[in-house]
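An overview of the molecular structure
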2 protein chains.
Amino acid sequence: MARVLYELQGRADRRLSPYCWRTRMALRHKELEAEFIPVQFGQKDRIAFSGQELVPVLQDEGGRVIHDSWAIADHLESTYPERPSLFGGEAGRAGARFFNGWVDRALHPAMIRLILRDIHDGAIAEVDRPYFRASREARFGMALEDYCDPSAGRIKAFRGLLEPVRLALEEAPYLGGAAPLYADHILFGTCKFVELCSPLVIFAEDDPIYEWYGRMLALFDGYGASDGAAGGPAGEPE
Amino acid sequence: MARVLYELQGRADRRLSPYCWRTRMALRHKELEAEFIPVQFGQKDRIAFSGQELVPVLQDEGGRVIHDSWAIADHLESTYPERPSLFGGEAGRAGARFFNGWVDRALHPAMIRLILRDIHDGAIAEVDRPYFRASREARFGMALEDYCDPSAGRIKAFRGLLEPVRLALEEAPYLGGAAPLYADHILFGTCKFVELCSPLVIFAEDDPIYEWYGRMLALFDGYGASDGAAGGPAGEPE
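Observations regarding the side chain of Asn100(B)
All names here are of chain B. Looking at where Asn100 falls in the secondary structure, it is placed in helix H3 (residues 90-123). The exposure class of Asn100 is buried, given its relative accessible area of 4%. Excluding its chain neighbours within four sequence positions, the residues that come into contact with Asn100 are Arg22, Trp70, Tyr182 and Ile186.

Structural data, given as structure tokens:
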């Protein structure tokens, strides 16, 4: 049974989700091939077999099904220990676990607030817009247009949140140290998502994070530079 | 030449600084003995030999002088590689570097805002109060009493910042994983500082961080449970 990753499909077949990009990069990092199956918000029946409604869902060789990007990374690391490590050991795994939570709970809420309109208006599949608007307006308790705020002050606050990343990058080229590890893929997913969804310039060109992002885009023969669409190099079943 | 740590001295000889506690715990973790020299804010001449004005300053055996708690941890790890590791390897070190920056840049500003008055009124040496007030009021641009805000809303926001720590502690008893590493000592320093400075209850008793703190206090034969004063067990030259 082939390895299959179910991932969020946006407009023009772009693969949007920051969480799915974590898994894409983790699979490449582990040098594991996979087929990518796109799933729109309105196509949750495609992943009903996983017992829940969120992508990414990985169906690994042999049929084992794992959902949640962290659980998938953990699964890949323990199932394929002979391949390049995602965590660099137990202490590295613990650090990545904290980082994963920090990106999800601290960084993403600030990021979403900047680009929510762009996600709705131009990034997701057109057919998904009513669902996206209704679910997000229920979550945020107001109209998308009111919640979204790409003002200079909010951009500055978002950039400020990333200060610990800059401190880490002062010492090493990657969050994993001398070479990229899963923590890098976590933050890469966020940056890639913003890039695919919005024209907003979230990093100044002299920001060390901007330089780091350039290094990440070049990884794995430029794998991350694609938009993931099936017509592009990253979207083809490998 | 004996190993000496210069650290901040508060009222009643309590050793207050969260950064100095990081180093205290790191020394114990490495099973290294040291003499502890107290330094009040008004006694910066005692560390003038380090070429700067902030504690902790470590003068290691052989006379090498290192300042800044992160640089000290790094020094201890590389100088004494045969002793228990503070980082658990290169990936663990990278994770700890991010965590160090996150505590300094994200957590501490929110924490200070809650207990600034308590620090001034009761924690630091009485003789240091005018300096402390003047330097902090210059930094914050307002009176200490106006900047400090231990309201329920600020406490809730502070607790919210710690959500990624809780996620990590769902999986493992320590931030380092199955056993404590330097990341644990970093956050311990913050919690210890609050405990020594303020009666404020920053963690609910059912908070997993509260339970973790209990484990940290018990480490190294209860070393962290002392206030560090020279009369107590932790303050005696070892």
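Structural notes on the packing of helix H1 (residues 18-29) of chain B against helix H8 (residues 182-197) of chain B
Residue and element names in this part refer to chain B. Running from N to C, H1 and H8 point in directions that differ by 130°, and their axes come no closer than 8 Å. Between H1 and H8, the interaxial angle falls into the category oblique. Between H1 and H8 the crossing geometry is right-handed. Contacts from Pro18, Trp21, Arg22, Met25, Ala26 and His29 of H1 reach H8 at Tyr182, His185, Ile186, Phe188, Gly189, Thr190, Lys192, Phe193 and Leu196. When grouped by side-chain class, the residues that make up the contact of H1 with H8 number nine nonpolar, four polar and two charged.

What to know about the packing of helix H1 (residues 18-29) of chain A against helix H2 (residues 69-79) of chain A
Residues and elements named next belong to chain A. Direction vectors running N to C along H1 and H2 enclose 10°, while the axes themselves pass 9 Å from each other. Accordingly, the angle class assigned to the pair H1 and H2 is roughly parallel. Contacts between H1 and H2 involve Tyr19, Arg22, Thr23, Ala26 and Leu27 from the former and Ser69, Ile72 and Leu76 from the latter. Tallied by class, the residues present in the contact of H1 with H2 amount to five nonpolar, two polar and one charged.

Parameters at a glance
- Residues numbered from 1 in each chain as written.
- Chains lettered and ligands numbered in written order.
- Predicted model: local features only at pLDDT ≥ 70, side-chain atom pairs only at ≥ 80, totals over all residues.
- Heavy atoms only, no water.
- Helix = DSSP H or I, 4+ residues; strand = E, 2+ residues; numbered from the N terminus.
- Buried < 20%, exposed > 50% of the residue type's maximum accessible area, 1.4 Å probe, protein only.
- Contact = heavy atoms within 4.5 Å.
- Axes fitted to C-alpha atoms, helices over the stretch in contact; angles between N-to-C directions.
- Parallel < 35°, antiparallel > 145°, perpendicular 65-115°, else oblique.
- Left-handed = near helix turned anticlockwise from the far one by under 90°.
- Nonpolar A, V, L, I, M, F, W, Y, C, P; charged D, E, K, R; others polar.

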